[in-house]
Amino acid sequence: MSDIIQLLPDHVANQIAAGEVVQRPASVVKELVENSIDAGATSITLLLKDAGKTLIQVIDDGKGMSATDARLSFERHATSKIKEAQDLFNLNTKGFRGEALASIAAIAHVELKTKQEDDELGTQIKIEGSEITSQEVVSTAKGTSIAIKNLFFNIPARRNFLKSDTVETRHIVDEFQRVALAHPTISFLLHHNNNEIYHLKKSNFRKRIVAIFGTKMNEKLVPINEQTDIITVNGFVAKPEFAKKKRGEQFFFVNNRFIKSSYLNHAVVNAFEGLLESGSHPSYFLYLEVPPNTIDINIHPTKTEIKFDNEKALYAILRATVKHSLGQYNVAPVLDFDRDATLDTPYDYSKKGSSSVPPITVDPSFNPFKTETNYKESYNESDSPKSTTTHSYQSNFKKDTGSWEALYTNTDTIESTQQEQLFESEQETETGKTFQIQKKYLLSSIKSGVVLIHQSLAHQRVLYEEFLENITVKEASSQQLLFPVNISFSSSDIEMIYSIKSDLESAGFMFDEFTKESVVIAGIPTSISESQITLILEQLLDDIKLEVPDSSFSHFDVMAKSFAKSLAIKTGTTLNHKEQENLVNNLFSCKEPNISPFGKPTFKTLTLNEIDTIFNK
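Described in the following lines is the structure provided in the data block. All values derive from a computational prediction rather than experimental measurement.

Strand order across the open sheet formed by three strands is β21-β23-β22, with antiparallel pairing between neighbours. This sheet does not close on itself; its edge strands, each paired only once, are β21 (478–488) and β22 (510–514). Going across the sheet, the axis of each strand differs from the next one's by a mean of 15°, ignoring polarity. Bridge analysis of β22 against strand β23 (residues 518–525) gives four bridges, and the strand direction is antiparallel. Within β23, the residue paired with E513 across the bridge is V520. Lying on the sheet, helix α13 (residues 491–499) is in contact with β22 and β23; it crosses β22 at an angle near 140°.

Put into structure tokens, the structure is as follows:
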């Protein structure tokens with residue numbers, strides 16, 4: 001047989017490697033910005049067009065590269081970060097594999113300009129699909145400028161898998177925030193389609209967090225500070241009352257590198273035990289410093305997962321540190337046996353001696369049951385039933401007169417009334433069509449058996465179809481607010497709201513003004529109330545961040561889903577008989593009553609035969 005194993009060409013190997021390194025435009029942004037940080041940049045500018053699909057350009061003032069290094073940087077496994085395998089366990093840089101630029105150059109048009117400080121002229125290199133088309137000497141500023149154009153131009157299948165511009169921009173902003181939070185001493189500038197999203201000046205950790213997430217974040221933060229032999233912990237956690245239903249603002253940085261760790265996250269959540277509502281998640285920004293030789297970063301292509309030598313010790317220290325800070329800043333109750341000076345006797349009272357005991361006066365003629373005799377005397381025995389019954393006396397205080405009255409009641413009458421009420425409720429139950437079970441399900445009878453309905457999911461389906469019809473078919477009705485509502489968001493969230501502004505206006509929202517940190521809403525859809533505006537918009541942003549919309553769907557669908565999720569009745573809500581019937585009737589009037597907007601079943605039918613089978617086993 002002939003040999004069948006062959007060595008892949010470099011451009012094919014680079015495209016295969018790009019599948020792991022470059023998943024979407026955000027991956028390119030991460031790699032390029034981290035290269036700028038490793039180059040010692042103090043200022044980094046990120047320019048985007050069409051969510052990075054058309055252009056991703058990173059400009060820095062780092063040390064730059066020589067002509068030889070500039071060309072060699074696009075070769076696979078070419079790096080200045082490590083020289084031997086042992087260096088992997090003593091890393092102080094972001095990158096170390098030497099495959100990012102080679103992978104990016106394999107699937108895009110690349111233009112690089114770079115110059116070192118001592119050189120008079122710099123180098124310009126142009127690459128298309130791993131092939132260098134030109135290299136020449138140019139006049140450029142100190143540092144490096146690299147532009148990535150037409151990402152995935154030679155892999156159309158990968159380009160088609162990309163999400164909408166809004167979703168891809170959200171991923172880029174996430175990566176940008178992670179790098180910017182890890183390096184507050186570096187100034188960052190982010191522009192998207194010629195619009196400035198972030199302009200972050202050199203600052204400290206707290207100011208950088210506030211600059212990214214808005215001025216209201218400042219009042220939410222509780223400082224964290226602890227230093228031990230194996231770890232140094234700094235940063236902030238948000239107060240429990242500002243916990244969110246989604247896991248959004250949760251950041252771990254180990255040696256200035258963003259990581260994801262469910263184990264350490266559990267330590268922080270455990271420190272909030274007893275302070276959070278069920279289903280809420282705390283926000284935190286925690287910076288951990290550990291010896292480089294105690295961690296292993298080289299276990300995942302994105303470098304966001306880390307192995308620790310002593311995870312259990314880190315867990316205990318982190319949990320205790322967060323818990324201590326919550327108590328220290330009076331966020332959580334703590335036991336303190338030290339003397340509290342505020343409880344001391346004031347100086348002015350120390351010379352006044354002991355106070356006298358207040359006198360107690362007693363009225364010996366007071367009898368609270370005195371009126372009982374008067375009531376018995378005025379009672380006409382002819383009015384009572386002519387049966388031998390026992391009587392009970394209940395006391396009732398009249399606030400206007402301050403007197404007590406003994407209320408004469410026939411116990412037989414009470415028992416009779418209770419039986420009548422019970423009989424009436426049973427009659428109502430027999431004639432009614434629906435029953436509520438555990439404030440979560442509705443049980444309704446049908447000809448063939450019974451149907452069990454999940455009240456929250458059913459209401460979501462009803463609201464979803466109503467909203468979708470109002471937005472797409474009917475002209476959305478809007479109600480103008482007497483006083484416009486000003487809502488604060490982060491800069492990236494404001495940018496996202498502005499990008500879907502026309503869709504929101506089609507749904508009935510009216511906007512007055514957009515600023516970098518807030519949006520003024522002048523009108524809302526008639527189906528929602530003013531108090532629900534923030535909840536609905538936050539839910540909508542979360543759904544977009546979680547990639548609910550597909551590239552083939554408009555924002556109308558995700559808006560209808562978000563509105564339905566936000567406004568649907570929740571589990572634990574008591575519904576009266578009429579509300580139950582209305583929900584059942586509205587559900588089965590829907591086009592697709594079987595499933596909720598998110599694909600979950602809304603009801604389950606049990607036929608009489610199935611019920612009989614249960615009892616005849």
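Going through the model one piece at a time under the given rule, you end up with 10 salt bridges. Residue D165 is joined to K53 by a salt bridge in which the shortest nitrogen-to-oxygen separation is 3.0 Å. Taken together, the residues span a long stretch of sequence, with D165 in helix α6 (residues 165–182) and K53 in the loop between β1 (43–49) and β2 (55–60) at a distance of 112 residues. Two residues, R178 and E175, come together in a salt bridge whose shortest N-O distance is 3.3 Å. Separated by three residues within a single helix, R178 and E175 lie in helix α6, roughly one turn from each other. Of the two residues, R178 and E175, both sit in the buried class. Salt bridges sharing partners connect three or more residues here, namely R170, D174 and D493.

Another point: a negative patch on the surface. The grouping of E117, D118, D119 and E120 at the surface amounts to a negative patch. On the secondary structure map, E120 appears in the loop between β3 (109–115) and β4 (122–128). Residue E120 is classed as exposed on the basis of its relative accessible area of 76%.

Moving on, we come to helix α9 (residues 311–328). Helix length check: α9 (18 residues) gives 25 Å between terminal C-alpha atoms against 26 Å at 1.5 Å per residue, within 8%. Buried within α9 are the following residues: L314, Y315, I317, L318, T321, V322, S325, L326 and G327.

Across the interface, helix α2 (residues 25–38) lies against α6 with an axial gap of 8 Å and an inter-helix angle of 25°. As summarised for this structure, α2 and α6 are arranged roughly parallel, according to the angle between their axes. Every pair of crossing elements has a handedness; the one defined by α2 and α6 is right-handed. Contacts between α2 and α6 pair P25, A26, V29, K30, V33 and I37 from the former with E168, H171, I172, E175 and V179 from the latter. Classifying every residue of the contact of α2 with α6 gives seven nonpolar, one polar and three charged.

To describe a pair of aromatic rings, you give the distance between the ring centres and the angle between the ring planes. This model, assessed by the stated rule, comprises 18 aromatic pairs. An angle of 45° between the planes, with centres 5.0 Å apart, marks the rings of Y263 and Y315 as tilted. Placement of the pair is Y263 in helix α8 (residues 262–271) and Y315 in helix α9, with a sequence separation of 52 residues. By relative accessible area, Y263 is classed as partly exposed at 31%. For Y315, a relative accessible area of 15% corresponds to the buried category.

With that settled, consider unusual backbone geometry. Positive phi, normally seen in glycine, also occurs at D50, with a value near 55°. Locating D50 in the fold gives a position in the loop between β1 and β2. The exposure class assigned to D50 is partly exposed, which follows from its relative accessible area of 33%. The backbone of F152 sits at a positive phi, close to 60°, despite the residue not being glycine. The exposure class of F152 is buried, given its relative accessible area of 1%.

Strand order in the open sheet formed by five strands is β9-β10-β13-β11-β12, with mixed pairing between adjacent strands. Edge strands, defined here as strands with exactly one partner in the open sheet, are β9 (221–227) and β12 (257–259). Averaged over all adjacent pairs, the angle separating strand axes in this sheet is 20°, with direction ignored. Examined bridge by bridge, strand β10 (residues 232–238) and strand β13 (residues 284–289) share six bridges and lie antiparallel to one another. Across the sheet, N234 pairs through a bridge with Y287, a residue of β13. Packing of α6 onto the sheet brings it into contact with β11 (250–254), β12 and β13, and relative to β11 it is tilted by some 50°. In the packing of helix α7 (residues 205–213) onto the sheet, contacts are made with β9, β10, β11 and β13, and the angle to β13 comes to roughly 145°.

For the rest of this paragraph, the subject is the side chain of T144. Locating T144 in the fold gives a position in strand β6 (residues 143–149). Of note is the side chain of T144, whose polar atom sits 3.1 Å from the side chain of T114. Excluding residues within four positions of it along the chain, T144 makes contact with V58, I59, D60, G64, L112, K113 and T114.

Reading guide: rules and limits
Residues numbered from 1 in each chain as written. Predicted model: local features only at pLDDT ≥ 70, side-chain atom pairs only at ≥ 80, totals over all residues. Heavy atoms only, no water. Pairing = 2+ DSSP bridges. Helix = DSSP H or I, 4+ residues; strand = E, 2+ residues; numbered from the N terminus. Axes fitted to C-alpha atoms, helices over the stretch in contact; angles between N-to-C directions. Contact = heavy atoms within 4.5 Å. Salt bridge = Lys/Arg side-chain N within 4 Å of Asp/Glu carboxyl O. Buried < 20%, exposed > 50% of the residue type's maximum accessible area, 1.4 Å probe, protein only. Patch = residues over 30% accessible without salt bridge, like charges linked within 9 Å, V, L, I, M, F, W, Y side chains within 5 Å. Areas by Shrake-Rupley, 256 points an atom, 1.4 Å probe, with all protein chains shown as cover. Lys, Arg positive; Asp, Glu negative; His and termini not counted. Charge placed at Lys NZ, Arg CZ, Asp CG, Glu CD. Expected span 1.5 Å × (residues − 1). Parallel < 35°, antiparallel > 145°, perpendicular 65-115°, else oblique. Left-handed = near helix turned anticlockwise from the far one by under 90°. Nonpolar A, V, L, I, M, F, W, Y, C, P; charged D, E, K, R; others polar. Phe/Tyr/Trp six-rings, centres within 6.5 Å; stacked < 30°, edge-to-face > 60°. Polar contact = N/O pair within 3.5 Å; in protein donor to acceptor, adjacent residues only side chain to side chain.

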